[in-house]
Amino acid sequence: MRENEILLIVGAGHAGAELAVAARQQGWLGRIDLIGDEAMLPYQRPPLSKAYLHGAASFESLALRPASAYEAARVQVHSDAQLVQIDRAGHRVHLQDGRVMPYTKLALCMGGRPRTLVLPGLDAGAKPRNLHYLRTLTDADAIRAGLKEGARLVVLGGGYVGLELAASARKFGAEVTVIEALPRVLARVTGAQVAAFYEAVHREAGVQLRTGLSVERAELADDGAITALVCASGERIAADIVVAGIGMLPNVELAQAAGLAIDGGIVVDAFSQTSDPDIFAAGDCTAHHSALYNRHIRLESVPNALEQARAAASALCGKPKPNHAVPWFWSDQYDLKLQMVGLSQGHDACVLRGDPASRRFIAFYLKEGVVIAADAVNRPADFMLAKRLVAAGVRVDGPALGDESVSLKDRLPASPAAPATVAQLG
Ligand SMILES: Cc1cc2nc3c(=O)[nH]c(=O)nc-3n(C[C@H](O)[C@H](O)[C@H](O)COP(=O)(O)OP(=O)(O)OC[C@H]3O[C@@H](n4cnc5c(N)ncnc54)[C@H](O)[C@@H]3O)c2cc1C
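So, a few notes on the structure that sits alongside this text. Keep in mind that this is a model prediction, so the values were computed, not measured. Sequence order as written defines the numbering, with residues in each chain counted from 1. In view of the model being predicted, local features appear only for residues whose pLDDT reaches at least 70, and side-chain atom pairs are presented and counted only at 80 or more, with totals across whole chains, interfaces and linings using the full set of residues. Only hydrogens and water are removed before side-chain values are computed, so all heavy atoms of the structure are retained for them.

Looking now at the overall build of the chain. Counting from the N terminus, the helices are the DSSP runs of H or I reaching at least four residues and the strands are the DSSP runs of E reaching at least two. Along the backbone of the chain there are eight helices and 26 strands. The quantity called the radius of gyration is restricted to C-alpha atoms. Its globule counterpart is 2.2 Å times the number of residues to the power 0.38. Computed over the C-alpha atoms, the radius of gyration of the chain is 23 Å, within 12% of the 22 Å expected from 2.2 N^0.38 for a compact globule of 426 residues. Using a 1.4 Å probe on the protein chains alone, a residue whose accessible area is under 20% of its type maximum counts as buried, one over 50% counts as exposed, and one in between counts as partly exposed. Per-residue burial for the chain yields a buried fraction of 50% across its 426 residues. Taking contacts inside the chain between residues at least 6 apart in sequence as the whole, the part at least 24 apart equals 62%. Residue burial considers only the protein chains on display, and all accessible areas are found by Shrake-Rupley using a 1.4 Å probe. Split by element, the accessible area of the chain, about 18,200 Å² in all, is 52% carbon and sulfur. Should any heavy atoms of two residues lie within 4.5 Å, those residues are considered in contact.

Okay, structure coming up:
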């Protein structure tokens with residue numbers, strides 16, 4: 001590492017901001033450039049569907065770090081700067097505004113973009129003024145402007161972002177309908193009991209939750225705004241605002257055009273290195289091999305973005321520390337803090353500890369007696385223990401996990417055992 005070496009980080013979000021500051025802390029001597037195509041300093045995205053949307057968090061509180069932190073770390077932040085091409089042979093990148101920036105090491109932290117809604121009745125080239133997506137601060141501001149008492153909000157997609165948005169919108173007294181094509185909400189990410197609990201909570205809060213319903217077309221007013229969504233059943237759901245929360249596409253195209261390995265995301269190893277030793281990547285735009293689940297995964301979570309960024313920073317500074325963190329995530333809806341660890345797909349048993357009616361419980365997902373994931377609702381202390389159980393990857397007495405008279409601590413292995421990978425089971 002020398003003073004004339006340049007670390008160029010593209011994407012000023014959770015991963016990019018962390019990588020920039022961590023690289024300096026880990027001893028990167030040369031220049032650090034952080035470029036991002038948004039207008040503001042890196043900010044937190046999770047509050048956009050939660051506290052910021054319903055007004056409990058201010059714009060100022062969203063910043064990940066104050067400007068002084070980047071100055072102190074000697075990180076040059078370039079806002080409103082969009083990468084358009086990576087020239088690997090020349091070790092430089094091209095920006096939209098014509099600038100060409102050199103690098104010694106490049107880090108791609110470009111996140112993703114919302115999947116767009118394609119429906120008969122909608123013109124692919126023109127977005128109706130009352131159709132929104134939720135990824136950026138600008139998106140959140142546009143949605144917030146339409147959330148008024150009695151406004152009819154239709155949310156397409158019953159994933160976390162859609163449900164958090166529904167909960168926030170109820171605080172404004174909006175009439176909220178959530179349409180989910182699958183038979184239950186949170187189908188991709190959680191088990192049936194936890195989904196049923198959240199469905200009941202939303203219905204109690206006055207949300208019209210419509211599962212197993214697919215939207216067939218949109219009806220538009222003369223000015224192009226959506227007036228209603230027409231379902232396959234023929235039902236017509238009137239709308240003043242529509243938000244499509246139907247998933248995210250990782251921003252991989254520029255990496256792909258540059259010839260980097262892609263497999264659902266930019267492929268990285270445990271050090272966040274891509275198939276080019278001079279290019280690293282971190283966050284939502286990456287895919288990696290999970291040693292625990294023995295398969296390729298792409299995660300959309302702040303903890304993953306931060307862990308991958310830190311792994312990249314240490315590798316870039318010649319102090320490699322592999323990232324084997326167990327995936328985790330959280331979601332805030334109403335008075336409920338949901339914390340999830342691990343990936344529950346493929347579980348063969350679910351054990352509940354605590355009664356969902358008390359709004360404090362934890363669901364353990366097991367595969368052949370090994371806890372592969374857990375969802376904790378308003379049980380932060382148990383969540384910390386569940387994280388250790390999932391990471392340990394050892395067989396437990398499944399039904400006993402539900403016995404509240406026995407401490408969860410007693411279920412943990414005395415010393416860290418070599419964890420079984422989930423793929424080794426069954
Ligand atoms: C509404 C919402 C709620 C969420 N809630 C939670 C939560 O509760 N818990 C949780 O763990 N996660 C949550 N997430 C997910 C979390 O925000 C992401 O996992 C996290 O932001 C990923 O960080 P990142 O740095 O990979 O991507 P991002 O934070 O998206 O940053 C990527 C940045 O790169 C920029 N960029 C893209 N392309 C270019 C280019 N060509 N040139 C320059 N810049 C570019 C983007 O504009 C963006 O600023 C939520 C996400 C959303 C949208």
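That covers the picture; the talk isn't over yet.
Glancing now at the packing of helix H1 (residues 14–26) against helix H7 (residues 302–316). For any two helices packed against each other, one specifies the inter-axial angle together with the distance between the axes. In this analysis an axis means a line fitted to C-alpha atoms, helices contributing only their contacting stretch, and an angle means the value between N-to-C directions, from 0 to 180 degrees. Close contact between H1 and H7 brings their axes to 8 Å; oriented N to C, the two are set at 30°. Read as a crossing pair, H1 and H7 show a hand that is right-handed. Where H1 approaches H7, its residues His 14, Ala 15, Glu 18, Leu 19, Ala 22, Ala 23 and Gln 26 are matched on the opposing element by Val 302, Ala 305, Leu 306, Ala 309, Arg 310, Ala 312, Ala 313, Ser 314 and Leu 316. Each residue gets one of three labels, nonpolar for Ala, Val, Leu, Ile, Met, Phe, Trp, Tyr, Cys and Pro, charged for Asp, Glu, Lys and Arg, and polar for the others, Gly among them. Considered class by class, the residues forming the contact of H1 with H7 number 11 nonpolar, three polar and two charged. Left-handed describes a crossing in which the near helix is turned anticlockwise from the far one by less than a right angle; the clockwise case is right-handed.

A strand pair is defined by DSSP finding two or more bridges across the two strands. If you trace the five strands from one edge of the open sheet to the other, you get S22-S23-S26-S25-S24, paired in antiparallel fashion. What marks the edges here is a single partner per strand, and that holds for strand S22 (328–333) and strand S24 (349–353). Strand-to-strand twist of the sheet, defined as the mean angle between neighbouring strand axes without regard to direction, takes the value 20°. Note: strand S23 (residues 336–342) against strand S26 (residues 370–377), five bridges, orientation antiparallel. Along S26, the bridge assignment pairs Gly 342 with Ala 373. Here helix H8 (residues 380–392) sits on the sheet and contacts S22, S23, S24, strand S25 (361–367) and S26; the angle it forms with S23, its principal contact strand, is near 10°.

Time to look at the side chain of Asn 304. Counting through the fold element by element, Asn 304 comes out in helix H7. Residue class for Asn 304 comes out buried when judged on its relative accessible area of 7%. Residues within four places of Asn 304 in sequence aside, it is in contact with Gly 283, His 288 and Leu 299.

Turning our attention to the sheet that holds strand S20 (residues 286–290). Sheet architecture is open: three strands sit in the order S18-S20-S21, paired in mixed fashion. Of all the strands in the sheet, just strand S18 (266–268) and strand S21 (295–297) have a single pairing partner and so form its edges. Adjacent strand axes in the sheet meet at a mean angle of 35° when their direction is disregarded. Inspection of the sheet shows S20 paired to S21 by three bridges, in the antiparallel sense. Across the sheet, the residue bridging to Ser 290 is Arg 295, located in S21.

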